Amino acid sequence: MAEFKVLKDKNSITVAALLIATLLSFYCRIFFGWDQDQSYLTLLAAKLASGSIMFKDLWDLHQTSMIWAAMFSKVFWEVRGSWDGLGVYLRIISVAFQVAVAIWSYRELKKYFNEASAFLAAIVIANMLPRATQNLEYGAITVWLSLAAGLVIVDVNKTHKNELGKLLIAAFLYAISIFSYPTMLVSVPVFMWALLWDFKDYTKSKVRNLIVFFTTCAVVAIVIVAYLLKYLSFPELLGTLKAISNSGDHESMVGSFFSIGYWLKSTIRVAAFIALSFAGWVIVKYAFKKEIKVFYIFIGLVSLMIIFLNISGIRPSGPFGFLERYIGIVILGVCAGFKTSEEHIIRFLLWLGIAYYFGSLIGSNMGLNENAMYLELAVVGVIIAASESLKWNSKDDVFEKSVILLFVISVVFASGYFIRINYTSPANVFQCSERFTEGPAAGIFVMKEQMDEIKAKVDAIEHISEDGEVYALITNDSIYNFYLKGTTSAAGYAPTSNRNYNELWINYYDEFGHVKPDVILVNTYWYPELEQFYSEIFGQWVMQRYKYEPTDYEKEFWKLVYVGS
């Protein structure tokens, strides 16, 4: 924390409070809340750490993002010899990553902007999470690494010192970020622009930098493909990628992306709050004879709303509650026309944040609201631009400075107060009364209802499963794979809401020759009646090869035993 020299000025109480609040937020994000997505990501990390080969053994769409987590998970297993507590461990590692990126961002940004702006940006970076998940997952890795890469490019453009080495580092970080979330390739034009923007007339050097950067990215891609070809032939790799791409996992969202209904709800909500803010601007302008930008009224309104409605209990939400506020902040921030001496940096952050937002909409099965935190870098750019227009060391701009601080406080509040549970129901840290004592989530507090459900399912699995058997779990939560006594062979572990037990699973076993499970356990959460599972495409395949075997745990799982085709 020594880097934050701003602590020495007269705003030190505010700065200290934000730092302490961020530390509390980290604590909450590490030890509170668990959901099926976190089970899934943790399982992928454990699978890769245990020797599963990408695109051969694993067919999950998000596996490429878990290479970092897998490396740390392997160390964890070597030291501990079990997966108990892996979730807390990976969260601590991800916090370390996030803190490092925030401090690096502060150090770089304060070279070009005032210290208050750089500090506020760092606090936002230290608290926002694209998927509201404290883990080394695809969204966070993409945003953190690309931000670091972008700031290195800014340094290259500004200083023209050690360009080659810095470009190699930036290109490696960017390539890994895209490998973590491939649809973020939509950001390539933004990085091309960043490499070519004109600070001085260095035309030849800029073109050279562009070539070095993207050539390095291509080399990283070739190395990754070469690694995969150690285990798969080129036709096998292409065939696997084709099979995975046809899984239907995100098909429904891609189709709805072009429908009016997809855009309508969020558009109306953003427009309503902008209209309300504009009404406030009219009142302030004509009743109180003061000129205040609509932008400040908007961020004050939405920030106060998020904090007050949740603390009061009037309208509780979860981590995905009214994330459209970030859409409004970016729109009004751009319209506000803030001027700074470093327009290129602000534009880079804006365009990169917007590109990642659209990349997430293309590659996600979530909507406009749920993906809005991918606008993080655009929000950072807007906050820096707004902060630069204010006089932080004077008594002027009291309202404007207050609402910017209120917005930053709301970001810290949301990151620490809300927790993720299965799906998007309202939930917060004070509802978490039960603590896991074993398994990958050991040390984490969750809601009692969730703990009761998981305990019942785990108890069933521990009684049903046997050593030496191969299993496939048809389940809403991947955490149960950790408690199986045997091994697993499955086409996917993702807890997708539309499930997609289709041809993908059949191809995994029949066309690609993976070991058929001895036993398939079907979670009654999705299939309270076994006939419901048999109505799925994969379920029909299972019905011809497996027989139902009664157990004492049919309230939790249906047991299907292989009898041959």
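Below is a summary of the structure that appears in this document.

The rules behind each value
Residues numbered from 1 in each chain as written. Predicted model: local features only at pLDDT ≥ 70, side-chain atom pairs only at ≥ 80, totals over all residues. Heavy atoms only, no water. Helix = DSSP H or I, 4+ residues; strand = E, 2+ residues; numbered from the N terminus. Rg over C-alpha atoms; globule rule 2.2 N^0.38 Å. Buried < 20%, exposed > 50% of the residue type's maximum accessible area, 1.4 Å probe, protein only. Contact = heavy atoms within 4.5 Å. Areas by Shrake-Rupley, 256 points an atom, 1.4 Å probe, with all protein chains shown as cover. Lys, Arg positive; Asp, Glu negative; His and termini not counted. Charge placed at Lys NZ, Arg CZ, Asp CG, Glu CD. Patch = residues over 30% accessible without salt bridge, like charges linked within 9 Å, V, L, I, M, F, W, Y side chains within 5 Å. Salt bridge = Lys/Arg side-chain N within 4 Å of Asp/Glu carboxyl O. Pairing = 2+ DSSP bridges. Axes fitted to C-alpha atoms, helices over the stretch in contact; angles between N-to-C directions. Core = buried A, V, L, I, M, F, W, Y, C linked by side-chain atoms within 4.5 Å. Parallel < 35°, antiparallel > 145°, perpendicular 65-115°, else oblique. Left-handed = near helix turned anticlockwise from the far one by under 90°. Nonpolar A, V, L, I, M, F, W, Y, C, P; charged D, E, K, R; others polar. Phe/Tyr/Trp six-rings, centres within 6.5 Å; stacked < 30°, edge-to-face > 60°. Polar contact = N/O pair within 3.5 Å; in protein donor to acceptor, adjacent residues only side chain to side chain.

## Comments concerning the overall build of the protein chain
A tally of regular secondary structure across the protein chain gives 21 helices and seven strands. In summary, the protein chain has a C-alpha radius of gyration of 25 Å against a globular reference of 24 Å for 565 residues, a match within 12%. In the protein chain, which comprises 565 residues, the share counted as buried stands at 58%. For the protein chain, the share of sequence-separated contacts (at least 6 apart) that also reach a separation of at least 24 residues comes to 71%. Surface accessibility of the protein chain: about 23,700 Å² in total, with carbon and sulfur atoms responsible for 63%. The positive charge centre, built from 47 side chains, and the negative charge centre, built from 50, are 11 Å apart in the protein chain.

## Topic: a nonpolar patch on the surface
A surface patch of nonpolar side chains, amounting to about 400 Å² of accessible area, comprises Val225, Leu229, Phe234, Leu238 and Leu241. Here the element with the most residues in the nonpolar patch is helix 10 (residues 234-245); it accounts for three residues. Secondary-structure assignment places phenylalanine 234 in helix 10. On the accessibility criterion, phenylalanine 234 (48% relative accessible area) is partly exposed.

## Section: the sheet that holds strand 5 (residues 519-523)
Overall, mixed pairing links the five strands, which are arranged 4-3-5-7-6 in an open sheet. In this open sheet, the two strands that pair with only one neighbour each are strand 4 (487-488) and strand 6 (546-548). The strands that helix 18 (residues 448-464) touches are strand 3 (470-474), strand 5 and strand 7 (557-562); relative to strand 7, the one it contacts most, it runs at about 25°.

## Considerations on the nonpolar core
Phe295, Tyr296, Tyr326, Phe407, Trp505 and Phe538 are the most contacted members of the largest nonpolar core, which totals 196 residues. No other element matches helix 6 (residues 138-159), which puts 14 residues into this core. Beyond its immediate sequence surroundings of up to four residues, phenylalanine 407 is in contact with Val124, Ile299, Ser303, Tyr326, Ile329, Val379 and Ile383. Cys28, Ile421, Val429 and Met447 belong to the second-largest nonpolar core, a separate cluster that totals eight residues.

## Examining the pairing of strand 7
The side chains of a regular strand alternate, residue by residue, between the two faces of the sheet. Most of strand 7 is tucked away, with five of its six residues classed as buried. Pairing of strand 5 with strand 7 involves five bridges; the strand directions are antiparallel. Along strand 7, the bridge assignment pairs isoleucine 520 with leucine 560. Note that strand 6 and strand 7 share three bridges and pair antiparallel. Bridged to lysine 547 within strand 7 is valine 561.

## Some words on the environment of methionine 447
Within the fold, methionine 447 resides in the loop between strand 2 (445-446) and helix 18. Spatially, the C-alpha atoms of methionine 447 and isoleucine 421 are 8.6 Å apart, while their sequence positions differ by 26 residues. Once you skip the residues sitting within four places of it in the chain, methionine 447 turns out to touch Ile419, Ile421, Ala427, Gln431 and Cys432.

## Quick word on the packing of helix 6 against helix 15 (residues 343-363)
Contact geometry of helix 6 with helix 15 gives a least axis separation of 11 Å together with a crossing angle of 155°. Considered as vectors, helix 6 and helix 15 are oriented roughly antiparallel to each other. Remark: the crossing between helix 6 and helix 15 carries right-handed chirality. Facing helix 6, whose interface residues are Thr142, Val143, Ser146, Leu147, Gly150 and Val154, helix 15 presents Ile345, Phe348, Leu349, Leu352 and Tyr356.

## A short note on the pairing of strand 5
Among the five residues in strand 5, five count as buried, and that is most of the element. Burial of the side chains of strand 5 extends over both faces: Val519, Leu521 and Asn523 are buried on one face and Ile520 and Val522 on the other. As judged from the four bridges shared by strand 3 and strand 5, these two strands associate in the parallel manner. Residue pairing in the sheet places alanine 472 in a bridge with isoleucine 520 of strand 5.

## Examining the side chain of threonine 142
Looking at the secondary structure, you find threonine 142 in helix 6. For threonine 142, a relative accessible area of 1% translates into the label buried.

## Brief notes about the packing of helix 1 (residues 12-31) against helix 17 (residues 398-417)
Think of two packed helices as two axes; the pair is described by the angle between the axes and how far apart they sit. Put simply, helix 1 and helix 17 touch, their axes get as near as 8 Å, and they point 20° apart. Classed by the angle they form, the pair helix 1 and helix 17 counts as roughly parallel. In terms of crossing hand, the pair formed by helix 1 and helix 17 is left-handed. Taking contact as the criterion, the partners of Thr14, Leu18, Ala21, Thr22, Ser25, Cys28 and Arg29 in helix 1 are, on helix 17, Leu405, Val408, Ile409, Val412, Ser415 and Gly416. Grouping the constituent residues of the contact of helix 1 with helix 17 by class yields seven nonpolar, five polar and one charged.

## Re the packing of aromatic side chains
Enumeration according to the criterion identifies 43 aromatic pairs in this entry. The interplanar angle of 40° and the centroid separation of 4.7 Å between the aromatic rings of tryptophan 77 and tryptophan 83 together place this pair among those described as tilted. Look at tryptophan 83 and you get buried, because its relative accessible area is 15%. On the numbers, 4.1 Å between centres and 35° between planes, the contact of tyrosine 174 with phenylalanine 191 is tilted. In this pair, tyrosine 174 is assigned in helix 7 (residues 163-180) and phenylalanine 191 in helix 8 (residues 188-196), connecting sequence segments 17 residues apart.

## Quick notes on unusual backbone geometry
Backbone phi values are negative for most residues with the exception of glycine, while trans is the configuration of most peptide bonds. Unusually for a residue other than glycine, alanine 132 sits at a positive phi of about 55°. Even without being glycine, phenylalanine 322 reaches a positive phi, approximately 45°. Secondary-structure assignment places phenylalanine 322 in the loop between helix 13 (294-312) and helix 14 (324-336).

## Thoughts on the pattern of salt bridges
Following the criterion strictly, the structure yields 14 salt bridges and no others. Across the pair glutamate 163 and arginine 208 runs a salt bridge, and its minimum N-O distance is 2.4 Å. Of this pair, glutamate 163 sits in helix 7 while arginine 208 sits in helix 9 (residues 203-229); the two residues are 45 residues apart in sequence, bridging distant segments of the chain. In this structure glutamate 163 comes out as buried when scored by relative accessible area, which is 11%. One salt-bridge network, held together by shared partners, links Glu108, Lys111, Asp155 and Lys166.

## Here we look at the environment of tyrosine 326
By the element assignment, tyrosine 326 lies in helix 14. Sequence separation between tyrosine 326 and alanine 175 is 151 residues; the distance between their C-alpha atoms is 27 Å. One polar contact links tyrosine 326 to arginine 325, side chain to side chain, over a distance of 3.4 Å.

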